[in-house]
Amino acid sequence: MRKQKIQIKEVGPRDGLQNEDEIIETADKIEWIDRLSNTGLTYIEITSFVHPKWIPQLSDAREVAKAIKRYQGITYAALVPNMKGLDTALEANIDEVSVFMSASESHNQANINKSIIDTFPILEEVVQGAIQGGKTARGYISTAFGCPYEGEVPVEQVFRICDKLLEMGVREVSLGDTIGAASPNQIEDFLELALKRYKSTDLALHFHDTRGMALANVLAALDYGIETFDAALGGLGGCPYAPGASGNAATEDLVQMLNQMNINTGIDIQKLLQAGVFMRDKLQKNLPSHMLAAYTAQ
Ligand code: HMG
Ligand code: MG
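Here the residue index of a chain counts from 1 through its sequence in written order. Think of it this way: whatever chain is written first is A, whatever ligand is written first is 1, and the rest follow in order. Side-chain atom pairs in this predicted model are given and counted only at pLDDT of 80 or more, local residue features only at pLDDT of at least 70, and totals for whole chains, interfaces and linings cover all residues. The side-chain quantities take in all heavy atoms of the structure and omit both hydrogens and water.

**As for helix 8 (residues 184-197)**
Numbering of helices and strands starts at the N terminus; helices are DSSP runs of H or I of at least 4 residues and strands are runs of E of at least 2. Expected helix span is given by 1.5 Å per residue-to-residue step, counting one fewer step than there are residues. The end-to-end C-alpha distance of helix 8, which contains 14 residues, comes to 20 Å, matching closely the 20 Å that a straight helix rising 1.5 Å per residue would cover. Among the residues of helix 8, I187, F190, L191 and A194 are the ones counted as buried. Residue contacts are defined here by distance: any two heavy atoms, one from each residue, within 4.5 Å place the two residues in contact. Lining the buried residues of helix 8 we find helix 7 (155-168), strand 6 (173-177), strand 7 (203-207) and helix 9 (214-222). Each residue gets one of three labels from its accessible area relative to the maximum for its type: buried under 20%, exposed over 50%, partly exposed in between, using a 1.4 Å probe on protein chains only.

Okay, structure coming up:
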């Protein structure tokens, strides 16, 4: 059932940085992304075209997208909440547009200032506009495994949103454990149901490591044949509109685990670690990644 090749989607430059108060220089973001492009990663979410008041760290989205080196075989994606964001994203030649919403009403409201029902037509327009612009679209569902405001989120609610996003034309839905609430048994129970309804390739998993369970959750999902996981270098990450949310699964920890399981990611861990040190030095603090700590202690 486990796949022998896994795609890791690097979300560090977006999810990783959006929660950092220390504003990173645009030139450093560009250099970091260029370094990431040299690691063997095939997908990098580089920024967000959201309102700069909501996420000041990524207010240089256009400059970053225009200045990074583009390599063949790598998809450069960005988060886009609405048509205003899409216009800029298309102008900056983003390859894939990621729309996002939450499975819980209160997180959707806190994060994008809309009810769930009012969000659908906005995202549909963005997805259609991206496709007409010759791009592809991805959909995120936040709070898929628990909400900071509402607690448990019914699986049927996640499926309802997943159905809608797939109907709109996204090529994959990334299920976000925004506050790191999930446990392996919850992932197994979820996938047992979800894979009766969706193809495994319709789904990606996006684990935050708030309670130290991100890799355990990846392992559970691997056993169900999931082959796409989001991760952030250094274990950076978090959503400013989800109290208690902390970093994503660290890309280098995930690559190390998969390497040791003889599962291919195509990623050079040494280059990844060097790119991790680069951003750690810019942020001037230790990052949550285990591999980075072990590497820099040598
Ligand atoms: P709003 O205030 O409701 O927007 O924000 P609006 O449509 O009412 O417009 C208000 C003003 O914002 C207008 O300007 C618009 O032009 C401007 P004014 O006329 O007042 O001068 N505006 C924009 N400016 C720049 N770019 C735009 C844009 N849109 C409107 N795209 C909005 C609604 C969605 C824009 C806002 O709530 C927002 O930007 N939210 C972003 C929140 C965010 O980025 N959260 C983190 C990412 S999600 C996440 O981390 C979870 C994930 O990782 C998965 C997981 O872990 O679960 C994906
Ligand atoms: Mg996230």
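**A few points about the pairing of strand 6**
In terms of burial, strand 6 is a largely internal element, 5 of the 5 residues being buried. Both faces of strand 6 are covered, namely the face carrying V173, L175 and D177 and the face carrying S174 and G176. Criterion used throughout: strands pair if DSSP finds at least two bridges between them. Note that strand 5 (residues 136-142) and strand 6 share 3 bridges and pair parallel. Paired with I141 across the bridge in strand 6 is L175.

**Describing the side chain of T75**
With respect to the helices, strands and loops of the structure, T75 is situated in strand 3 (residues 75-79). Taking the relative accessible area as the measure of exposure, T75 reaches 19% and is therefore buried. Ignoring anything within four residues of it in the chain, the contact list for T75 reads T42, Y43, I44, D95, E96 and R171.

**Topic: the layout of surface pockets**
The rule is simple: put a 1 Å grid over the protein atoms alone, call a set of points where a 1.4 Å probe fits but cannot get out a cavity, call an open set with protein on both sides within 12 Å along at least five of seven lines a pocket, and count a residue as lining if it has an atom within 4 Å of a point. Grid points are joined across faces, edges and corners, and a volume is the space filled by probe spheres set on the points. When its volume is computed, the largest pocket comes out at roughly 880 Å³. What lines the largest pocket is a set of 41 residues, and nearest its centre among them are F49, V50, H51, P81 and F100. For the lining of the largest pocket, the secondary structure elements donating two or more residues are helix 1 (12-18), helix 3 (61-67), helix 4 (83-91), helix 5 (105-112), helix 6 (116-132) and strand 5. Considering only residue class, the lining of the largest pocket consists of 18 nonpolar, 16 polar and 7 charged. Of the pockets and cavities examined, the second largest pocket occupies roughly 230 Å³. Surrounding the second largest pocket, 15 residues form its lining, F145, E152, V153, V155 and Q186 being those nearest its centre. Residues were grouped as follows: Ala, Val, Leu, Ile, Met, Phe, Trp, Tyr, Cys and Pro as nonpolar; Asp, Glu, Lys and Arg as charged; and all remaining residues, including Gly, as polar.

**A closer look at the coordination of the magnesium ion (ligand 2)**
Sites may look incomplete because water is not among the atoms; the donors themselves are N, O and S atoms within 2.8 Å of the metal, or within 3.2 Å for Na, K and Ca. The protein atoms that coordinate the magnesium ion (ligand 2) are D15 (OD), H206 (NE2) and H208 (NE2), at distances of 2.0 to 2.3 Å. Mapping the donors of the magnesium ion (ligand 2) onto the primary sequence yields the spacing D-x190-H-x1-H. Of this pair, D15 sits in helix 1 while H208 sits in the loop between strand 7 and helix 9; the two residues are 193 residues apart in sequence, bridging distant segments of the chain. Here D15 and H208 have matching classes, each one buried.

**Some remarks on the site of ligand 1**
The environment of ligand 1 is formed by 26 residues, the closest being Q18, H51, N82, N111 and T178. N or O atoms within 3.5 Å of each other form a polar contact, as long as, within protein, one can give a hydrogen and the other can take it, and as long as residues adjacent in sequence are counted only when both atoms are side-chain atoms. G85 is positioned such that a nitrogen or oxygen atom in its backbone is 3.5 Å from a nitrogen atom of ligand 1. With the chains in place, 74% of the 1,100 Å² that ligand 1 exposes on its own is no longer accessible. A molecule is said to be in a cavity or pocket once over half of its atoms fall within 2 Å of that pocket's grid points. When each cavity is represented as a set of grid points, ligand 1 is found to reside in the largest pocket. Only helix 1, helix 4, helix 5 and strand 5 provide two or more residues apiece to the shell around ligand 1. In the shell around ligand 1, the residues fall into 11 nonpolar, 11 polar and 4 charged. Here a residue counts as near a molecule or strand whenever at least one of its heavy atoms sits within 4 Å of it. Residue exposure ignores everything except the shown protein chains as possible cover, and the areas themselves are Shrake-Rupley values with a 1.4 Å probe.

**Section: the packing of helix 10 (residues 251-260) against helix 11 (residues 269-283)**
The geometry of helix 10 relative to helix 11 is characterised by a closest axis approach of 10 Å and an angle of 165° between their N-to-C directions. In terms of their interaxial angle, helix 10 and helix 11 are classed as roughly antiparallel. For the pair helix 10 and helix 11, the sense of crossing is left-handed. Residues T251, E252, V255, Q256 and N259 of helix 10 form the contact with helix 11, whose participating residues are I269, L272 and L273. Residues belonging to the contact of helix 10 with helix 11 are distributed by class as follows: 4 nonpolar, 3 polar and 1 charged. The axes used here are C-alpha line fits, helices contributing only the stretch in contact, and every angle between their N-to-C directions lies in the interval 0 to 180 degrees. Orientation is classified from the angle alone, with under 35 degrees giving roughly parallel, over 145 giving roughly antiparallel, 65 to 115 giving roughly perpendicular, and any other angle giving oblique. If you view the pair so one helix is near and one far, a crossing is left-handed when the near helix is turned anticlockwise from the far one by less than a right angle, and right-handed when it is turned clockwise.

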